[in-house]
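# A look at the structure
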Amino acid sequence: QVQLVESGGGLVQPGGSLRLSCAASGFTFSRYTMSWYRQAPGKERELVATITSAGGSTNYADSMKGRSTISRDNAKNTVYLQMNSLKPEDTAVYLCNAAWLVNYWGQGTQVTVSS
């Protein structure tokens, strides 16, 4: 059974940091490109960051460049998103995605940036 389980979300003040984790199981994690997406209420889902299967290449949305780092540990079947200098507009549900021959999605973790 394929599972992507996100964790690490929560309430943080503007300027704060969070580290999201996505634990994968049920598929060959090391073969998949992993991404983080986010979706805010009333807005379309948007790509935040992507990392290739071996971790050799990463890409970021312009809105998150310089403030976030995506990484993965293929031995632990886990992908991470470190987010710094968070802003209220970063408030969203953050979802983990695995892509190769098929796409898998997690349920998401809520990130709320507010004072």
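What you see is a predicted model; the values in this text were computed from it and never measured. (Residues numbered from 1 in each chain as written. Predicted model: local features only at pLDDT ≥ 70, side-chain atom pairs only at ≥ 80, totals over all residues. Heavy atoms only, no water.)

Our next topic: the overall build of the protein chain. The number of helices and strands found in the protein chain is zero helices and 11 strands. Starting at the N terminus, the α and β elements of the protein chain follow one another as β-β-β-β-β-β-β-β-β-β-β. A compact globule built from 115 residues would reach a C-alpha radius of gyration of about 13 Å, and the protein chain, at 13 Å, matches this within 12%. Along the three orthogonal principal directions, the C-alpha set of the protein chain runs to about 40 × 25 × 25 Å. Counting over 115 residues, the protein chain shows a buried share of 38%. Restricting to contacts in the protein chain with at least 6 residues of sequence separation, those with at least 24 account for 52%. Across the protein chain, the 10 positively charged side chains and the 7 negatively charged ones have centroids separated by 6 Å. (Helix = DSSP H or I, 4+ residues; strand = E, 2+ residues; numbered from the N terminus. Rg over C-alpha atoms; globule rule 2.2 N^0.38 Å. Buried < 20%, exposed > 50% of the residue type's maximum accessible area, 1.4 Å probe, protein only. Contact = heavy atoms within 4.5 Å. Lys, Arg positive; Asp, Glu negative; His and termini not counted. Charge placed at Lys NZ, Arg CZ, Asp CG, Glu CD.)

Secondary-structure assignment places Asn 74 in the loop between strand 7 (68–73) and strand 8 (78–83). Setting aside chain neighbours within four positions, we find Asn 74 in contact with Phe 29, Ser 30, Ser 53 and Ala 54.

Close approach of charged atoms allows side chains with opposite charge to pair. Within the structure shown, the criterion is met by four salt bridges. Measuring nitrogen to oxygen at the nearest pair gives 2.6 Å for the salt bridge that ties Glu 46 to Arg 38. A relative accessible area of 33% places Glu 46 in the partly exposed class. The buried category is assigned to Arg 38, whose relative accessible area is 6%. Residue Arg 67 pairs with Asp 90 through a salt bridge whose shortest N-O separation is 2.8 Å. With Arg 67 in the loop between strand 6 (58–60) and strand 7 and Asp 90 in the loop between strand 8 and strand 9 (92–99), the pair connects residues that are 23 residues apart, well separated along the chain. (Salt bridge = Lys/Arg side-chain N within 4 Å of Asp/Glu carboxyl O.)

Taken together, Trp 100, Leu 101 and Val 102 make up a surface patch of nonpolar side chains, about 330 Å² in accessible area. Along the polypeptide, Trp 100 turns up in the loop between strand 9 and strand 10 (103–105). (Patch = residues over 30% accessible without salt bridge, like charges linked within 9 Å, V, L, I, M, F, W, Y side chains within 5 Å. Areas by Shrake-Rupley, 256 points an atom, 1.4 Å probe, with all protein chains shown as cover.)

With that settled, the discussion passes to the side chain of Thr 50. Note that Thr 50 resides in strand 5 (residues 46–51). A distance of 2.9 Å separates polar atoms of two side chains, one belonging to Thr 50 and the other to Ser 35. For Thr 50, the residues in contact, after removing those within four places along its chain, are Thr 33, Met 34, Ser 35, Ser 57, Thr 58, Asn 59 and Ile 70. (Polar contact = N/O pair within 3.5 Å; in protein donor to acceptor, adjacent residues only side chain to side chain.)

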